[in-house]
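Understanding the architecture of this molecule
The lines below spell out each chain.
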Amino acid sequence: MRPEKLIVNAIAIILAAPAFAQVELKTYADRNGYLDVQKLTCAQLANTFQEDADYLTTWYSGWYNGLAQKHLMEVNRAKSLEHEVIVHCKENPGKKIIEAIDVVFKEYRAEKGIRMKQ
């Protein structure tokens, strides 16, 4: 293949690929500045800046731990699960973040043999 044709094909592929601009988390807030964390989608998480994604997943962690009345955090596990949630969200942009968290946590508990109290 001639180099010119190769370059043209490469440019066409790049332009055809979906491009998502990263945005600040506050982009998804309502006019009063509030985020409805139960409605945020995986696409929104995946398309925000990494530091905003980290902040948001840390907030969710606190929310869930508060509901469970847990007051301890294992930093390495939290970072690992945060990464898994973001990966899952990138693969499933139509899901809500809270659904992705549920899937990732259930997989983690199953893998580790952790049983939840009923």
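Just above, that's the structure.
The structure contained in this document is the topic of the report that follows. Being a predicted model, the structure only gives us computed values, none of them experimental.

Reading the values: rules and limits
Residues numbered from 1 in each chain as written. Predicted model: local features only at pLDDT ≥ 70, side-chain atom pairs only at ≥ 80, totals over all residues. Heavy atoms only, no water. Disulfide = S-S within 2.5 Å. Helix = DSSP H or I, 4+ residues; strand = E, 2+ residues; numbered from the N terminus. Buried < 20%, exposed > 50% of the residue type's maximum accessible area, 1.4 Å probe, protein only. Core = buried A, V, L, I, M, F, W, Y, C linked by side-chain atoms within 4.5 Å. Contact = heavy atoms within 4.5 Å. Salt bridge = Lys/Arg side-chain N within 4 Å of Asp/Glu carboxyl O.

1. Structural notes on the state of the cysteines
Scanning all chains against the criterion turns up one disulfide. Paired through a disulfide, Cys42 and Cys89 show a sulfur-sulfur distance of 2.3 Å. Here the S-S torsion is close to -45°, and the disulfide linking Cys42 with Cys89 is therefore left-handed. Taken together, the residues span a long stretch of sequence, with Cys42 in helix α2 (residues 42-46) and Cys89 in helix α4 (residues 75-91) at a distance of 47 residues. The pair Cys42 / Cys89 is uniform in exposure class, with both members buried.

2. Comments concerning the nonpolar core
If you look at the biggest cluster of nonpolar residues, it comprises 16 residues, and the most contacted ones within it are Leu45, Leu56, Tyr60, Val85, Cys89 and Ile97. Sequence-distant contacts of Leu56, that is, excluding residues within four places in its chain, are made with Leu25, Leu40, Leu45 and Ile97.

3. Considering the pattern of salt bridges
Taken as a whole and assessed by the stated rule, the structure comprises four salt bridges. Linking Asp102 and Lys106 is a salt bridge whose minimum nitrogen-to-oxygen distance equals 3.3 Å. Of this pair, Asp102 and Lys106 both sit in helix α5 (residues 97-112), four residues apart, roughly one helical turn.

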